[in-house]
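Listed here are the chains, written in short residue letters.
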Amino acid sequence: MHLLPVLGALAEKRRGEPLAIIGVHSAKFDGEQSPDRVKAAVERYGLDHPVVVDRGMAIWDSYGIQAWPTVVLIRPDGRVAASIPGEVGLDALDRAVGELMAQARKDGTLGSQQLLPPRVAQPDPGVLAFPGKVLAAADGRIFVSDSRHHRVLVLGHDGRVLLVIGSGTRGRREGSFHDAELDDPQGLALDAGRGILYVADGGGQTIWAADLAQRTLSVAAGTGRLGEAPLGGTARPAAAVDLRTPWDLALAGRQLFVAMAGAHQIAVVDLDAATIARYAGNGRESIADGSPRAASFAQPSGLSLDGDTLYVADSESSAVRALDLRNGETRTLVGTGLFDWGDRDGPIELRMLQHPLAVAASPGGLWVADSYNGKIKRFSPGLDSLTTVLADAAGLPLLGPAGLSVEPDGSLLVADTDRSRLLRLAPGAREAAVLPVRFEAAPAVVAGAAPVARARAAGPERALGDLRLPEGRSTLALAITAPDGFAYSEGTPWSVALSGEGDLEVAEPAPSGDAKAGGVIALSVPLVLRPNTEGSKGVLHAVVRAVVCDSPRHRACYPVREAFRAAVSAGPATGPLSLPLSAPAAARASRR
């Protein structure tokens, strides 16, 4: 996995040159050999090069490969030029490729055109794209890592999108939720009291802190560079440490535990001291119990905290581990080694799982996402037996489930990752329902389609004049201003429902929040103005709901609902756009 960005960067650097990159998937696990699973992985990671499914490891054997990963360089005449085991860097790989190309040109054996046609882009799966992890909050909200869309969604209990964290552009950038960039968000942990959501970005080598009140994203740990060595036991400044694929999180007070999949360790971030250190795991990819320095893990990918016990889905050893936070000791519940796996129910035996990616503790037992078997299993409360509870939903078998969380009422949420869907299994139910994840307001009207409904106030829309935006994606600053003689009171709710017409699309239709004291609510919204050969045009509609109070003493407060519209055309940006609220009718009447 760490090699994929290197190959992507090499392909981009050598674009247009006669270089062919071909992936060969020589699977260790039985479940990895399914073409459907390989296809899903190609889509999930956005690979542009073809991937061959090497059934029975025939290609592996014919090239004498002995390690995952290995890069083989092949000359134009078919001879092997080099075999490089391990994770090779871009500079070294590009230099080797450049030398081979130069020699081949000198020999007259190198063609002048790209060998393989560009890959045809696949349709987007919908609102969710390969959701990695899911988290149920005590207040009914649901947080989900919309991993392939490079964002995190905050949902209501019914699946409505309440908030979007991240612009949707792949990258690593702090800032407002609208402008911030994530790479491959995975594990989530919520500090409800402080209103902070922590996000493990496996591709961005970063742990983020998302301030849900201020709607800003900042770095909690990681430099963005891939670490080259396991973590040591000495605490270091968290933001200055190179991480190796942080994949899941669990919060215990002010200690944030991290499943460091690439380092085969469990790390801990001291949030007060802003430091990170190894908590358990010597960094060797293996399975061994014991003290923090003696224990070995193998790509730990899922965490769940239950009192003083931290449960770990240890994927490459097909194991579930239990870490005692009182003494740091690790013990194994099921699993025996890197090449031992199975698919069994009943009393605990050695081989019962295949590459589990998530665990979730509950009073009824410990849930496990048995990912490569495509099943959800549950340990008995005494952890002495294992039972399959879910293998399909809505007529489709589960495909690579990787996220689990238990809701306050005992329902189980499942991120059925490679199906790009969320499932909910109610207590005692035999079948899971698909949770309909959706935006409350529809985006722009598409040419030739039926008009979409948009939220409207009871009264007419107030025209705001013309607004100019550049074609493509941009961010528009909005200022919702209180009427003269009125102000917002600290903590009063506000929302603005947005929709577009014509060539205008609104990426986040319904932002909301709690006001700060003052006369202006400032926010920014992502918009897309689609190019049009006849001139891009559209209309932005906004319905504002807020509470305004008479100033300065706030002796009376009034709910306000008002609608606006602005004509939009292509050109240099003319924002910010002011939405001036009118004085409430009740207040005007009381002053007569």
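Remember, it's a predicted structure, so these values are computed and weren't measured experimentally.

The rules we used
- Residues numbered from 1 in each chain as written.
- Predicted model: local features only at pLDDT ≥ 70, side-chain atom pairs only at ≥ 80, totals over all residues.
- Heavy atoms only, no water.
- Helix = DSSP H or I, 4+ residues; strand = E, 2+ residues; numbered from the N terminus.
- Rg over C-alpha atoms; globule rule 2.2 N^0.38 Å.
- Buried < 20%, exposed > 50% of the residue type's maximum accessible area, 1.4 Å probe, protein only.
- Contact = heavy atoms within 4.5 Å.
- Areas by Shrake-Rupley, 256 points an atom, 1.4 Å probe, with all protein chains shown as cover.
- Lys, Arg positive; Asp, Glu negative; His and termini not counted.
- Charge placed at Lys NZ, Arg CZ, Asp CG, Glu CD.
- Core = buried A, V, L, I, M, F, W, Y, C linked by side-chain atoms within 4.5 Å.
- pLDDT = per-residue confidence, 0-100.
- Pairing = 2+ DSSP bridges.
- Salt bridge = Lys/Arg side-chain N within 4 Å of Asp/Glu carboxyl O.
- Axes fitted to C-alpha atoms, helices over the stretch in contact; angles between N-to-C directions.
- Phe/Tyr/Trp six-rings, centres within 6.5 Å; stacked < 30°, edge-to-face > 60°.
- Lys NZ or Arg CZ within 6 Å of the ring centre and 35° of its normal.

### Considerations on the overall build of the protein chain
- Secondary structure summary: the protein chain contains five helices and 43 strands in total.
- Computed over the C-alpha atoms, the radius of gyration of the protein chain is 27 Å, within 12% of the 25 Å expected from 2.2 N^0.38 for a compact globule of 592 residues.
- For the C-alpha atoms alone, the extent of the protein chain along its principal axes is close to 90 × 70 × 50 Å.
- Burial status across the protein chain gives 50% buried among its 592 residues.
- Put simply, of all contacts in the protein chain between residues at least 6 apart along the chain, 54% involve residues at least 24 apart.
- As displayed, the protein chain has an accessible area near 26,300 Å², and 51% of this comes from carbon and sulfur atoms.
- The averaged location of the 66 negative side-chain charges in the protein chain is 4 Å from the averaged location of its 60 positive side-chain charges.

### A look at the nonpolar core
- In this structure, Leu476, Ile480, Tyr488, Leu540 and Leu581 are the most contacted members of the largest nonpolar core, which totals 32 residues.
- Elements with a contribution of two residues or more to this core: strand E34 (462–469), strand E35 (472–481), strand E37 (493–502), strand E38 (504–506), strand E40 (520–529), strand E41 (537–550), strand E42 (557–570) and strand E43 (577–580).
- By size, the runner-up hydrophobic cluster in this structure holds 21 residues, among which are Leu231, Leu243, Val269 and Ile276.

### Description of the confidence of the model for the protein chain
- For the protein chain, per-residue confidence averages 87 on the pLDDT scale, and residues scoring 70 or more make up 90% of the total.
- For residues 441–458, every residue scores under 50 in pLDDT, and the model assigns this stretch 35 contacts once sequence neighbours within four places are set aside.

### Overview of the pairing of strand E12 (residues 206–211)
- Extensive coverage of E12 is indicated by the burial of five of its six residues.
- Sheet topology note: the strand E11 (residues 196–201)/E12 ladder contains six bridges and is antiparallel. Bridged to Ile196 within E12 is Asp211.
- What sits between E11 and E12 in their antiparallel hairpin is a turn of four residues, with Gln205 showing a positive phi close to 50°.
- The turn joining E12 and strand E13 (residues 216–221), which pair antiparallel and follow one another in sequence, is formed by four residues; a positive phi near 60° is taken by Arg215.

### Brief notes about the pattern of salt bridges
- In this structure the tally under the stated criterion is 26 salt bridges.
- Between Lys375 and Asp343 there is a salt bridge; the shortest N-O distance is 2.9 Å. Remark: Asp343 occurs in the loop between strand E22 (330–334) and strand E23 (346–347) and Lys375 occurs in strand E26 (residues 375–379); sequence separation between them is 32 residues.
- Asp343 gets classed as partly exposed once you look at its relative accessible area, which sits at 36%.
- Here Arg344 and Glu349 are joined by a salt bridge, their closest N and O atoms 2.7 Å apart.
- Since its relative accessible area comes to 41%, Arg344 is described here as partly exposed.

### Re the sheet that holds strand E20 (residues 309–314)
- Ordered by their spatial adjacency, four strands build an open sheet running E19-E20-E21-E22, and the pairing between neighbours is antiparallel. If you trace the sheet from one side to the other, it starts and ends with strand E19 (300–306) and E22, each paired once. Each strand axis lies, on average, 25° off the axis of its neighbour in the sheet, ignoring direction.

### Quick look at the packing of aromatic side chains
- Applying the stated criterion across every chain yields a total of one aromatic pair.
- When the ring of Phe257 is compared with that of Tyr279, the centres are 5.0 Å apart and the planes differ by 85°; the resulting orientation is edge-to-face. Remark: Tyr279 occurs in strand E18 (residues 275–280) and Phe257 occurs in strand E16 (residues 255–260); sequence separation between them is 22 residues. Each member of the pair, Phe257 as well as Tyr279, carries the same accessibility label: buried.
- When the ring centre of Phe297 is taken as reference, the NZ or CZ atom of Arg321 above it lies at 4.8 Å.

### What to know about the sheet that holds E26
- Sheet architecture is open: five strands sit in the order E23-E27-E26-E25-E24, paired in antiparallel fashion. The sheet is open, and its two borders are formed by E23 and strand E24 (358–362), each paired with just one other strand.
- Of the strand pairs in this sheet, strand E25 (residues 365–370) and E26 are connected by four bridges, and their pairing is antiparallel. Counterpart to Ala369 in the pairing with E26 is Ile376.

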